[in-house]
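Residues per chain are reported as follows:
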Amino acid sequence: MEGDSENRKDQILERLNKRNKDRQNYLDVKSELRSKETVQNEGVDYFYQTFSQKTIDIEQRLKDVQCGDAQPTDLARNFADITVEIQDLQRYLTASTMFLPDFKIKSCQNILNTLTSASDETRQRLMPKKKFGFSGKKSAAKPKVAPNKDIVDGKLSKVPEKLGSNFTWTIANRTNEHIVLDSAKVNGQDITISNLTHCLVELQGHPGSVQVSRASKCTLLCGPIARSFFAENLEDCTLSIACQQLRLHSSRTIRIYMHVTCRAIIEDCRNIEIGEYNYDYSELEADYLASGLNKAQNNYTDVADFNWLSPDVPSPNWSLLKDYPDPNWNALRRDFIANNHNSGLKQDVKDISII
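Remember, it's a predicted structure, so these values are computed and weren't measured experimentally.

Peer 1: Residues and numbers for the overall build of the protein chain, please.
Peer 2: Within the protein chain, the secondary structure is distributed over six helices and 13 strands. Of all 355 residues assigned to the protein chain, the portion counted as buried reaches 40%.

Peer 1: Run through the side chain of S251, naming residues and quoting values.
Peer 2: With respect to the element layout, S251 can be found in the loop between β8 (245–249) and β9 (252–260). By relative accessible area, which is 4% here, S251 ends up buried. A polar atom in the side chain of S251 sits 3.4 Å from the backbone nitrogen of N233. Look past the residues within four positions of S251 in its chain and what remains in contact with it is E232, N233, L234, D268, C269, R270 and I272.

Peer 1: Which residues make up helix α3 (residues 102–126), and what are the values?
Peer 2: An ideal rise of 1.5 Å per residue puts 36 Å on 25 residues; α3 measures up with 36 Å between its terminal C-alpha atoms. Listing the buried residues of α3 in full gives I105, C108, Q109, L112, L115, T116, S119, D120 and T122.

Peer 1: Talk me through the pattern of salt bridges; I want residue IDs and the actual numbers.
Peer 2: Per the stated rule, a full pass over the model turns up twelve salt bridges. A salt bridge links E177 to R174; the nearest nitrogen and oxygen atoms lie 2.7 Å apart. By the burial criterion, E177 is buried, and R174 matches it. Here E267 and R247 are joined by a salt bridge, their closest N and O atoms 3.7 Å apart. With E267 in strand β10 (residues 264–267) and R247 in strand β8, this pair connects stretches of sequence that are 20 residues apart.

Peer 1: Before we move on, could you go through a nonpolar patch on the surface and cite the residues and values that matter?
Peer 2: There is a patch of nonpolar side chains on the surface, built from I12, L13 and L16 and spanning about 260 Å² of accessible area. Note on placement: L13 falls in helix α1 (residues 2–67).

Peer 1: Hey, could you go over the pairing of strand β11 (residues 270–276) for me, with residue numbers and the actual values?
Peer 2: Here β9 runs beside β11; their pairing, made up of six bridges, is parallel. The residue bridging R255 from the neighbouring strand is E273, located in β11. Relative to strand β13 (residues 318–320), β11 is paired through three bridges, and the arrangement is parallel. Paired with E273 across the bridge in β13 is S319.

Peer 1: I'd like a rundown of the pairing of strand β5 (residues 209–216), residues and numbers included.
Peer 2: With six of eight residues buried, β5 lies mostly within the body of the structure. Note that strand β3 (residues 190–197) and β5 share seven bridges and pair parallel. For L196, the partnering residue across the bridge sits in β5 and is A215. Bridge count between β5 and strand β7 (residues 228–243): six bridges; the pairing is parallel.

Peer 1: Explain the layout of surface pockets residue by residue, including any values.
Peer 2: Here the second largest pocket defines a volume of roughly 390 Å³. Lining the second largest pocket are 20 residues, and of these R263, V303, W308, S310 and P311 sit closest to its centre.

Peer 1: Requested: an account of empty space enclosed by the protein, with residues and values cited.
Peer 2: Tallied over the entire structure, the rule returns three cavities of 30 Å³ or more. The space that makes up the largest cavity amounts to roughly 80 Å³. Residue lining of the largest cavity: I193, L196, V201, V212, A215, C218, T219, L220, L234, C237, T238 and L239, and that is the complete set. Elements with a contribution of two residues or more to the lining of the largest cavity: β3, β5, β6 (219–222) and β7. It is β7 that provides the largest number of residues to the lining of the largest cavity, a total of four residues. Split into classes, the residues belonging to the lining of the largest cavity amount to ten nonpolar, two polar and no charged. Going through the elements one at a time, α2 (72–96) and α3 are the ones with two or more residues in the lining of the second largest cavity.

Peer 1: Tell me about the side chain of N317, and please be specific about residues and values.
Peer 2: Assignment of secondary structure puts N317 in the loop between β12 (303–305) and β13. Since its relative accessible area comes to 16%, N317 is described here as buried. Within the structure, N317 has its side chain in polar contact with the side chain of D305 (distance 2.7 Å). Contact partners of N317, with chain neighbours within four places excluded, come to I266, C269, R270, N271, I272, D305 and N307.

Peer 1: Let's hear about the packing of aromatic side chains: which residues, and what values?
Peer 2: Aromatic ring pairs are defined here through the distance separating the ring centres and the angle between the ring planes. All chains considered together, the criterion is met by six aromatic pairs. Geometrically, the ring pair formed by F47 and Y48 is edge-to-face, given 6.0 Å between the ring centres and 65° between the ring planes. Chaining the aromatic ring pairs together yields one cluster made of F47, Y48, F51 and Y92. Sitting above the plane of the Y324 ring, R255 keeps its charged end 4.0 Å from the centroid.

Peer 1: With reference to specific residues and values, describe the environment of I111.
Peer 2: In this structure, I111 sits in helix α3. Given the relative accessible area of 31%, I111 is considered partly exposed. Sequence separation between I111 and T55 is 56 residues, and the spatial gap between their C-alpha atoms is 8.1 Å. Once residues within four sequence positions are removed from consideration, I111 is found in contact with F51 and T55.

Rules used in this analysis
Residues numbered from 1 in each chain as written. Predicted model: local features only at pLDDT ≥ 70, side-chain atom pairs only at ≥ 80, totals over all residues. Heavy atoms only, no water. Helix = DSSP H or I, 4+ residues; strand = E, 2+ residues; numbered from the N terminus. Buried < 20%, exposed > 50% of the residue type's maximum accessible area, 1.4 Å probe, protein only. Polar contact = N/O pair within 3.5 Å; in protein donor to acceptor, adjacent residues only side chain to side chain. Contact = heavy atoms within 4.5 Å. Expected span 1.5 Å × (residues − 1). Salt bridge = Lys/Arg side-chain N within 4 Å of Asp/Glu carboxyl O. Patch = residues over 30% accessible without salt bridge, like charges linked within 9 Å, V, L, I, M, F, W, Y side chains within 5 Å. Areas by Shrake-Rupley, 256 points an atom, 1.4 Å probe, with all protein chains shown as cover. Pairing = 2+ DSSP bridges. 1 Å grid on protein atoms, 1.4 Å probe; cavity = no way out; pocket = protein on both sides within 12 Å on 5 of 7 lines; lining within 4 Å. Points joined across faces, edges and corners; volume = space filled by probe spheres on them. Nonpolar A, V, L, I, M, F, W, Y, C, P; charged D, E, K, R; others polar. Phe/Tyr/Trp six-rings, centres within 6.5 Å; stacked < 30°, edge-to-face > 60°. Lys NZ or Arg CZ within 6 Å of the ring centre and 35° of its normal.

In structure tokens form, the structure reads like this:
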């Protein structure tokens, strides 16, 4: 009897020790989780404070530039510094996306876009650049064209858009044309494109930024862009783009071969296919250096879909190209020109040196 009593006592003590150990393990796990949440919250709070302060600093610099009476050389230096600060802030946001909620990423990206637009608009107002146009061949002076017509002989169409009634497009209202802008017309410029149908457009150089609005069944090939590429209302198009920031809105059935150093963003888009940038021409390496893009950093597989906020389920609106051969742009160019020639369609071709 005494032996049985001792055994029961040992069993009870063993159960109590096990229960106490399990309870301690549970408390340790809870404490670790609370510690991680605290660290994460502190990280989020620090990001918000830092991002807000840097935003205020950039806005103040823009105000100072507008209120001052600086010489053109000083203005150029000030705008270059502001551009660097915006780029640094974009990189800070990109590096912080791993712990930020998607709605906050979207909000901060909108702030960055607003800063970029404000900087570009202020630069254009204080340091206006001569606009340019082009045509396939030189010809005698032509009569004035009505508003919203194509670009002819250096005269640019003025298209009322949400960007402002006096906004001037670089290329507008084209159909069935092969359009090539060389480095003299592209380098450092803000290129804007609108209302194209069945066109092949090549930008051989390093633009400051590129904006495309309304294009159908077109192919756009572009050299390294120093800042941003923005496109909206595209359908059945192919793009080969290298840039720092890429945003695509309200578009469908788009294939993008891209090099992007920040996180690409799509919104209100579907059936977007993404591959790695593969456009090539003789001055590509020099344009990479001049644009300031980091060729070794390509985040083309990291896309934020603002219409799909589930972190655990991939967005159905975009996918990576798999088991699909890279396009042969030379062959595509030859076929496009040959088909248009056989159909007797108008072309606008200038400085084609990469066929």
